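# Notes for the structure review
The lines below spell out each chain.
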Amino acid sequence: MASSEPLPPPTRDVIDSERIAHGVVPFDSTNDDKAIESHDADADVDADVGVDADVDADPESLDRVASGPPYTVFSKATRRWIVTMIAIAGLTSPMTANIYFPALNPIARGLGVSIGLINLTLTTYMIFQAISPTMYGDLGDMAGRRPAFIIGFSIYMCANLGLALQNNYAALLVLRMLQSAGGSGTLALCFAVIADVSVSSERGKYMGILSAGINISGTSPVLGGILAQYLGWRAIFWFCLIFSSAWLIPFVLTVPETSRKVVGNGSIPAQGWNMTLLDYIRSRRHPSVEQSAPKPKLRFPNPFNSLRVILEKDMALVFTYSTLIYVVFLVVTATLSTEFAVIYRYSDLLIGLCYLPYGIGCCCAAVTQGYIMDWNYRRVARNVGMVIDRRRGDDLTKFPIEKARLQVAYPFLVAGITSTICYGWLLQAEAHITGPLVMLFVIGLCITGSFAILNTLIVDLSPGAPATAIAANNFVRCLAGAGVTALIELMLRSLGRGWIYTFWALTLVVFSPALFFLAKFGPQWREERRVRLLLSAAEK
């Protein structure tokens, strides 16, 4: 017989767990005063909570009472510096993959091996590109973002040094895997940092800045072609080493820890290697009695934490469609060099320049889609009568975040699918180069823009562990990409240029009901997951 005794009141840990599940900063009574003082000193944030005379026109402008610590105490200038550094870090993984493409033939000649063996280094790179973020994502959520970034870039730098000096194929194969393990793993951390420092109503523009950094990599084949042609293929790896070193030094010196599990909203002083080097030197010279963040309990990163996210119903739909978008992008970019060489008989350098319209389209998408996402978030909030709280963050329990994000993706997807089909048949007809280049720009704008929107939604759906969720998405898409890369040449020769691009574009159409299911049932599934996590936290 069931007991009729009332349940005990929830503990502070359970309340904090619930607030994290909502995407709201946990309570921290010992640091509330400090956090509020820091907030009051920040005029940029104060402006967001002022009173507007026309409150009926915009519920977002209603007066709000400062009833707790802000979502983040980092100033606007600090947030900009953090996001700028993270955007540069996000460039590293895709740049490393793309800058390598123009050097395939010179490397094969230099090492005396076949193109088939060199292509194997692409496949192994993508396999580690899928696996390593599952380790770094869990490490970043457990120990903090700074330690994970430092470890990843240190491995990446050592691998590039080895690649620049090696002289045999076995070393190339192993070091490319190590290069991927170091550089690719940090990509999930970049999205997590954006979640750390931005509320959901402003996340679009910050994700846009990150996406701009990532999408600039679309132009890296041009740089790879120039370096390989004029300085030799080893110059590519020397460039990657110099680039990563130039990033890591200011990061270690100045970029603060942002993990909410380590420093909360930034008001709790970090310890150990979670501190910037400048802060560490300052603390040694002038010891402080302020309460510091407790040292996180370290353990070996568990990649299965990321894999468990894949089993969530809403996440599974997002991951599936995001992977299909990535496959379309991969089919276009991976075949561009070979098909343009056959059709237009361009040199390696000219083929590298043909990636520019795609890269420009990617950058335009990054700049525009972030602001469009924030605008649509405000529009949906007005429609459902929710008051936006830019200071503390919004409680998304009753807010249709899936609808707010996906409405922006639909027109991008329609244009991206149409342009991909047109691109294929223009190549089939061997049309003038202007046509395919225009389509490449639209594909970069719309296909990559849709992919970035879904990444933002993944972060919104996983406020407690965004790095783990992004790592899970990366795992799925990169394994699928590795499989498609192995079969793409066979499909191209079997189906022809027109039909291979049409096939993958129509795959997006066939699976598009997944997005409508997500918009309709996503809030219900998200609430079920929140309740399940609360019960699990209460049991612990």
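This text goes with the structure placed above it.
Thresholds, definitions, all that
Residues numbered from 1 in each chain as written. Predicted model: local features only at pLDDT ≥ 70, side-chain atom pairs only at ≥ 80, totals over all residues. Heavy atoms only, no water. Helix = DSSP H or I, 4+ residues; strand = E, 2+ residues; numbered from the N terminus. Buried < 20%, exposed > 50% of the residue type's maximum accessible area, 1.4 Å probe, protein only. Contact = heavy atoms within 4.5 Å. Areas by Shrake-Rupley, 256 points an atom, 1.4 Å probe, with all protein chains shown as cover. Core = buried A, V, L, I, M, F, W, Y, C linked by side-chain atoms within 4.5 Å. Salt bridge = Lys/Arg side-chain N within 4 Å of Asp/Glu carboxyl O. Axes fitted to C-alpha atoms, helices over the stretch in contact; angles between N-to-C directions. Parallel < 35°, antiparallel > 145°, perpendicular 65-115°, else oblique. Left-handed = near helix turned anticlockwise from the far one by under 90°. Nonpolar A, V, L, I, M, F, W, Y, C, P; charged D, E, K, R; others polar. Expected span 1.5 Å × (residues − 1). Bend = angle between axes of the 7 residues up to and from the residue. Phe/Tyr/Trp six-rings, centres within 6.5 Å; stacked < 30°, edge-to-face > 60°. Lys NZ or Arg CZ within 6 Å of the ring centre and 35° of its normal. Polar contact = N/O pair within 3.5 Å; in protein donor to acceptor, adjacent residues only side chain to side chain. Patch = residues over 30% accessible without salt bridge, like charges linked within 9 Å, V, L, I, M, F, W, Y side chains within 5 Å.

Okay, the overall build of the chain next. Of the regular secondary structure elements, the chain holds 23 helices and zero strands. Counting the 540 residues in the chain, one finds 55% classified as buried. Summarising the internal contacts of the chain: among those between residues at least 6 apart in sequence, 81% fall at separations of at least 24. Working note: accessible area of the chain is about 22,900 Å², and carbon and sulfur atoms make up 66% of it.

Residue position: K261 is located in helix α13 (residues 260–263). Placed 118 residues apart in sequence, K261 and A143 show a C-alpha to C-alpha distance of 8.4 Å. Not counting the four nearest positions on each side in its chain, K261 is found in contact with D141 and G464.

The biggest cluster of nonpolar side chains holds 100 residues, and the ones touching the most others in it are F149, F340, F399 and Y423. Top element by residues in this core is helix α16 (residues 313–344). It accounts for 17 residues. Excluding its chain neighbours within four sequence positions, the residues that come into contact with Y423 are V332, L336, F340, P436, M439, L440, I443 and Y501. One finds L163, A235, I236 and F243 within the second-largest nonpolar core, a separate group that totals 27 residues.

So, on to the pattern of salt bridges. Counting across every chain of the model gives 13 salt bridges. Residue E312 is joined to R532 by a salt bridge in which the shortest nitrogen-to-oxygen separation is 2.5 Å. Here E312, found in the loop between α15 (304–309) and α16, pairs with R532, found in helix α23 (residues 513–539); they are 220 residues apart in sequence, far enough to count as distant. With a relative accessible area of 41%, R532 lands in the partly exposed category. Notably, a salt bridge pairs D460 with R405, separated by 2.6 Å at the nearest N-O pair. Placement of the pair is D460 in helix α20 (residues 434–461) and R405 in helix α19 (residues 401–428), with a sequence separation of 55 residues. Using a relative accessible area of 3% as the deciding quantity, one classes D460 as buried. Through salt bridges with shared partners, a single network forms among E312, D314, R529 and R532.

This paragraph deals with the packing of helix α10 (residues 203–215) against α20. Where α10 meets α20, the axes come as close as 10 Å, and the angle between the chain directions of the two elements is 130°. One way to sum up the angle between α10 and α20 is to call them oblique. Both α10 and α20 take part in a crossing whose hand is right-handed. Along its contact with α10, which presents R203, M207, S211 and N215, the element α20 presents T448, A452, N455, T456, V459 and D460. When its residues are assigned to classes, the contact of α10 with α20 shows three nonpolar, five polar and two charged.

Unlike most non-glycine residues, R345 shows phi in positive territory, near 55°. The topology assignment puts R345 in the loop between α16 and α17 (348–353). One non-glycine residue, E430, lies in the positive phi region at around 50°. Looking at where E430 falls in the secondary structure, it is placed in the loop between α19 and α20.

With that settled, consider helix α4 (residues 76–98). With 23 residues, α4 ought to run about 33 Å at 1.5 Å a step, and its terminal C-alpha atoms sit 33 Å apart, in line with that. Where α4 bends most, the angle comes to about 30°, and this point is T92, followed within four residues by the proline P94.

Before going further, it helps to spend a moment on the packing of aromatic side chains. For the structure shown, the criterion picks out 20 aromatic pairs. A centroid spacing of 4.8 Å and a plane angle of 45° characterise the contact between Y377 and F399, whose relative ring orientation is tilted. Pair noted here: Y377 is in helix α18 (residues 356–384) and F399 is in the loop between α18 and α19, with a separation of 22 residues, a long-range link. Assigned by exposure class, Y377 and F399 land together as buried. Relative to Y501, the ring of Y423 lies with its centre 5.2 Å away and its plane at 80°, an arrangement referred to as edge-to-face. Of this pair, Y423 sits in helix α19 while Y501 sits in helix α22 (residues 497–510), and the two are 78 residues apart along the sequence. As far as the burial class goes, Y423 and Y501 line up, both buried. A cation over an aromatic ring shows up here: R146 above the ring of F251, its NZ or CZ 5.3 Å from the ring centre. The positively charged end of R477 is found above the aromatic ring belonging to Y326, 4.7 Å away from the centroid.

What follows is about the side chain of T335. Within the secondary structure layout, T335 lies in helix α16. A distance of 3.4 Å separates a polar side-chain atom of T335 from the backbone oxygen of V332.

Time to look at a nonpolar patch on the surface. Taken together, the side chains of L350, L353, L356, I360 and F441 make up a nonpolar region of the molecular surface, amounting to roughly 380 Å² of accessible area. Residue position: F441 is located in helix α20. We classify F441 as partly exposed; its relative accessible area is 31%.

A separate point is the packing of α4 against helix α7 (residues 145–165). Between α4 and α7, the least distance of the axes is 13 Å, while the angle of their chain directions is 40°. Classified by chirality, the crossing of α7 by α4 is left-handed. Contacts between α4 and α7 involve I86, A89, T92, M95 and T96 on the former and, on the latter, F149, F153 and Y156. Within the contact of α4 with α7, the residues separate by chemical class into six nonpolar, two polar and no charged.

Looking now at the environment of V222. Within the secondary structure layout, V222 lies in helix α11 (residues 220–230). On the basis of relative accessibility, which here comes to 11%, the residue V222 falls in the buried class. Linking V222 and I351, residues 129 residues apart in sequence, is a C-alpha distance of 8.1 Å. Contact partners of V222, with chain neighbours within four places excluded, come to G352, L353 and L356.

This paragraph deals with the environment of G137. With respect to the secondary-structure elements, G137 resides in helix α6 (residues 115–143). With a relative accessible area of 0%, G137 lands in the buried category. C-alpha separation for the pair G137 and L187, spaced 50 residues apart in sequence, amounts to 8.9 Å. In this structure, G137 is in contact with A467, T468 and A471, ignoring residues within four places of it in sequence.

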